[in-house]
Amino acid sequence: MIAMLRRDLALAFRSGGGFGLSLAFFLIVVMFVPFGVGPDSGVLARIAPGILWIGALLASLLSLDRIFQLDFEDGTLDLLAVSPLPLEGVVAMKALSHWLTTGLPLTLIAPLLGFLLNLPEGAYGWLFVSLLAGSPAFSFLGAFGAAITVGLKRGGLLLSLLVLPLYIPTLIFGSQITTLAVDGLDNATALAATVAISLFTFALVPFAAALALRVNLR
Amino acid sequence: MGHNSIVYICIQFVQPLPLFAVPKSRYSSFMDLTVTDLSCSRGDITVVSGVSFSIRAGHTMILRGPNGIGKTTLLRTIAGLTPAVCGTIRPSTEDIAYAGHQDGIKGPLTVYENLRFWARVFGTADITPALEAFDLMALVERPAHTLSAGQKRRLGLSRLLLTGRPIWILDEPTVSLDTENVGKFTAILQRHNKNGGSAIVATHIDLGLKQSTTLDLTAFRAGPEVSHNPFLDEALT
């Protein structure tokens, strides 16, 4: 299992690709917002948490189709399916390595980008915490979508359509954490809900995705 | 009684340590592969039906038949990748190692890293025998994407030796191997048989194995009728 995680991380770092791409995409989306909305710092501060969340969401969507597609194409997935590793564990490790190479870097850089959007002072910590709590759900829900669409040509588009609606609850509660904190309101419920969604996906997605993979490998 | 069980528990703890691991020259148990009345499907279409055979431990079965007859489908079913339409396969897939058309090699990783990953997956400590058997020692530091097709195939096949499983399911293993390496592969297969392992090999060439039987799938071709899809039937009526 650890071997699986280490291999996926080594592959992600060595082939470059997804790792830097997501970060660059996130940076560009966030930097474009002031150009589109205008330089009014009051407006920017108001929409900053939402923009940062949507940016992080779209950036982690970019590399989702790579979770299983490459292993499917070169036959590794067949071999993993008949190996002693449980396929559920393989899915969990692959989703985890996707989060470590996209969600975690996005979370770390988000406060920095918040500065560009004139995020209110007290919100930086909450932005970091909210993304830390919510972004794993993006990777795990994405792994489910990737498992369903593996083997499809141009599956990436279908994957986005399947997965984006599932991201809505995380997006609502996750961006609320920071917005409520900015307004000086209690955000414990929103934080609890975000963590709950993430934990729910950890528990459920490995089984659902493994089932989808088995069907797709037939 | 109590004393015995303590000793037993101690042995349980000691055994997994690599220090005490003895290199396995023989498979832990002799296993016959028995397939009874097996039907396999690809998509909704049953391609072969009524396949029954038995391979004794230490023997190899050569699978023959024209393109599209269902050799790969049969092998994938036996390996446990595709559920069988009906019929039984013994033993379970935990004793079966599968090597298909694709080698499952990661280009950015080196030859050594590729094999080490599979060794960890299968809990094998030493990958040197696998490297030596297929003459890969000189290539260990090479990134796998720089290998030739034949070298990749050898790397893919060497994975079989890491599985420690007694039954090998091989789908056209000699594709892109040169004559010399086909000879080496045959020798490895014979050594596998000698150690009590068995194998099914789908191939179009003559491997020149002594202890082998041949099964021609042409006799088991399923009828032309497409198996019924209840949703489609309902939609059409």
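Everything below is about the structure printed above this text.
Rules of the game
- Residues numbered from 1 in each chain as written.
- Chains lettered and ligands numbered in written order.
- Predicted model: local features only at pLDDT ≥ 70, side-chain atom pairs only at ≥ 80, totals over all residues.
- Helix = DSSP H or I, 4+ residues; strand = E, 2+ residues; numbered from the N terminus.
- Buried ≥ 20, exposed ≤ 12 C-beta atoms within 10 Å, placed from the backbone.
- Contact = placed C-beta atoms within 7 Å.
- Nonpolar A, V, L, I, M, F, W, Y, C, P; charged D, E, K, R; others polar.
- Pairing = 2+ DSSP bridges.
- Axes fitted to C-alpha atoms, helices over the stretch in contact; angles between N-to-C directions.
- Expected span 1.5 Å × (residues − 1).
- Arc of directions from axis to C-beta.
- Left-handed = near helix turned anticlockwise from the far one by under 90°.

Participant: Help me understand the overall build of chain B in this model?
Facilitator: Check the secondary structure of chain B and you find seven helices and eight strands. Out of the 237 residues belonging to chain B, those deemed buried represent 35%. A sequence separation of at least 24 residues applies to 75% of the contacts in chain B between residues at least 6 apart.

Participant: What is the right way to read the interface of chain A and chain B from this model?
Facilitator: It is common to give the size of an interface as the accessible area lost on bringing the parts into contact. The partner chain B presents 18 residues to the 18 residues of chain A that form the contact. Those elements that provide at least two residues to the side of chain A that touches chain B are helix 1 (2-14) and helix 5 (76-81) of chain A. In terms of residue count, helix 1 of chain A provides more of the side of chain A that touches chain B than any other element does, five residues in total. Within the side of chain A that touches chain B, the residues separate by chemical class into nine nonpolar, four polar and five charged.

Participant: I would appreciate a short explanation of the sheet that holds strand 6 (residues 167-171) of chain B in the present structure.
Facilitator: Strand pairing within a sheet occurs via backbone hydrogen bonds; the two strands may be parallel or antiparallel. Residues and elements named next belong to chain B. One open sheet holds the five strands; their spatial order is 5-6-7-3-8, and the pairing between them is parallel. In the strand order of this sheet, the two ends are held by strand 5 (96-99) and strand 8 (212-216), each with one partner. The mean inter-strand angle of the sheet, taken between neighbouring strand axes irrespective of direction, is 15°. As paired strands, strand 5 and strand 6 are joined by four bridges and run parallel to one another.

Participant: How should I be thinking about the sheet that holds strand 1 (residues 33-42) of chain B in this particular structure?
Facilitator: Residues and elements named next belong to chain B. Spatially, 2-1-4 is the arrangement adopted by the three strands of the open sheet, whose pairing is antiparallel. Two strands close off the open sheet at either side, each with one partner strand: strand 2 (45-55) and strand 4 (86-90). Strand-to-strand, the axes of this sheet are offset by a mean angle of 25°, without reference to chain direction. Relative to strand 2, strand 1 is paired through seven bridges, and the arrangement is antiparallel. Directly across from L33, in strand 2, lies its bridge partner I55. Sheet contacts for helix 2 (residues 71-79): strand 1, strand 2 and strand 4; angle to strand 1, the most-contacted strand, approximately 120°.

Participant: Would you mind going over helix 1 of chain A with me for this structure?
Facilitator: The periodicity of an α-helix, 3.6 residues per turn, causes residues three or four positions apart to be oriented the same way. Residues and elements named next belong to chain A. For helix 1, with 13 residues, the first-to-last C-alpha span of 18 Å sits near the 18 Å given by 1.5 Å per residue. Those residues of helix 1 that fall on the buried side of the exposure criterion are M4, R7, D8, L11 and A12. Looking straight down helix 1, one finds its buried side chains confined to an arc of 130°; they lie on one side. Exposed residues on helix 1 whose side chains face more than 90 degrees from its buried face are I2 and F13.

Participant: Looking at this structure, how should I read the packing of helix 1 of chain A against helix 6 (residues 87-116) of chain A?
Facilitator: Residue and element names in this part refer to chain A. Contact pair helix 1 / helix 6: the axes reach a minimum separation of 9 Å and the direction vectors enclose 40°. Seen from above, helix 1 lies across helix 6 with right-handed handedness. For the pair helix 1 and helix 6, contact is made by M4, L5, D8, L9 and A12 and by V90, M93, K94, L96, S97, L100 and T101, respectively. Partitioning the contact of helix 1 with helix 6 into residue classes produces eight nonpolar, two polar and two charged.

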